[in-house]
Amino acid sequence: MGGSGGVLGRTLRRLTESSQERVRREAGEEHERLHPGEAVVAIDACQPGEQVTVAGKVQALEIRPEGSAPALEVSLEDGSGIVYVVWLGRRRIPGIYEGRSVVVHGRLNCVTDHPTIYNPRYELLPE
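In what follows, the accompanying structure is described. (Residues numbered from 1 in each chain as written. Predicted model: local features only at pLDDT ≥ 70, side-chain atom pairs only at ≥ 80, totals over all residues. Heavy atoms only, no water.)

### Let's talk about the state of the cysteines
Part 1 of the reasoning: Using the criterion set out here, one finds zero disulfides in the structure.
Part 2 of the reasoning: Sulfur of Cys46: no disulfide; nearest cysteine sulfur belongs to Cys110 and is 9.3 Å away.
Part 3 of the reasoning: On the basis of relative accessibility, which here comes to 39%, the residue Cys110 falls in the partly exposed class. (Disulfide = S-S within 2.5 Å. Buried < 20%, exposed > 50% of the residue type's maximum accessible area, 1.4 Å probe, protein only.)

In structure tokens form, the structure reads like this:
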């Protein structure tokens, strides 16, 4: 009766979760509905080399030169960690800005000092 999966447990989790955790949970529910079998996972649970789907808020945006081509780098936070998302050859993506909630899907790389997903598929979440 009233175990951690019950109504009381869900209500308590929702009352104590951070805004990033709420974004991840809500995005995960919607993403799973639209893409069955492709679950949103916490950033800190991702393993290098895996295809991952993560949701979070854009914390910062930066345009970087990657060799001779531009690259848009975004730091995405979900309450459990931060992942860097890089779109090579892009200076901007309409709808991607600081504070925007997004879901990204791609291969997690750890060839630098921080986890990075290059050229992911992405979905903008409602504001």
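Next comes the rest of the account.
### Here's the deal with a nonpolar patch on the surface
Part 1 of the reasoning: On the surface, Leu88, Val111 and Tyr118 cluster together into a nonpolar patch covering about 280 Å² of accessible area.
Part 2 of the reasoning: Relative to the elements of secondary structure, Leu88 occurs in strand β3 (residues 82–88).
Part 3 of the reasoning: We classify Leu88 as partly exposed; its relative accessible area is 38%. (Patch = residues over 30% accessible without salt bridge, like charges linked within 9 Å, V, L, I, M, F, W, Y side chains within 5 Å. Areas by Shrake-Rupley, 256 points an atom, 1.4 Å probe, with all protein chains shown as cover. Salt bridge = Lys/Arg side-chain N within 4 Å of Asp/Glu carboxyl O. Helix = DSSP H or I, 4+ residues; strand = E, 2+ residues; numbered from the N terminus.)

### A word on the side chain of Asp78
Part 1 of the reasoning: Tracing the chain through its elements places Asp78 in the loop between β2 (69–77) and β3.
Part 2 of the reasoning: Here the side chain of Asp78 touches Ile43 through a polar contact of 2.8 Å, landing on its backbone nitrogen.
Part 3 of the reasoning: Those residues in contact with Asp78 that sit more than four places away from it in its chain are Gln20, Glu21, Arg24, Val41, Ala42, Ile43, Ala55 and Gly56. (Polar contact = N/O pair within 3.5 Å; in protein donor to acceptor, adjacent residues only side chain to side chain. Contact = heavy atoms within 4.5 Å.)

### Re the nonpolar core
Part 1 of the reasoning: Residues Val54, Leu76 and Val83 are the most contacted members of the largest nonpolar core, which totals 17 residues.
Part 2 of the reasoning: Elements that contribute at least two residues to this core include exactly β1 (51–66), β2, β3 and β4 (101–109).
Part 3 of the reasoning: Contacts of Leu76, omitting those with residues within four sequence positions, involve Ile43, Val54, Gly56, Lys57, Val58, Gly81, Ile82, Val83, Val85, Val102 and Val104.
Part 4 of the reasoning: Formed by six residues, the second largest nonpolar core is a distinct cluster that contains Val23, Ala27, Ala55 and Val103. (Core = buried A, V, L, I, M, F, W, Y, C linked by side-chain atoms within 4.5 Å.)

Interpretation note: all reported values are geometric properties and have no functional meaning in isolation.
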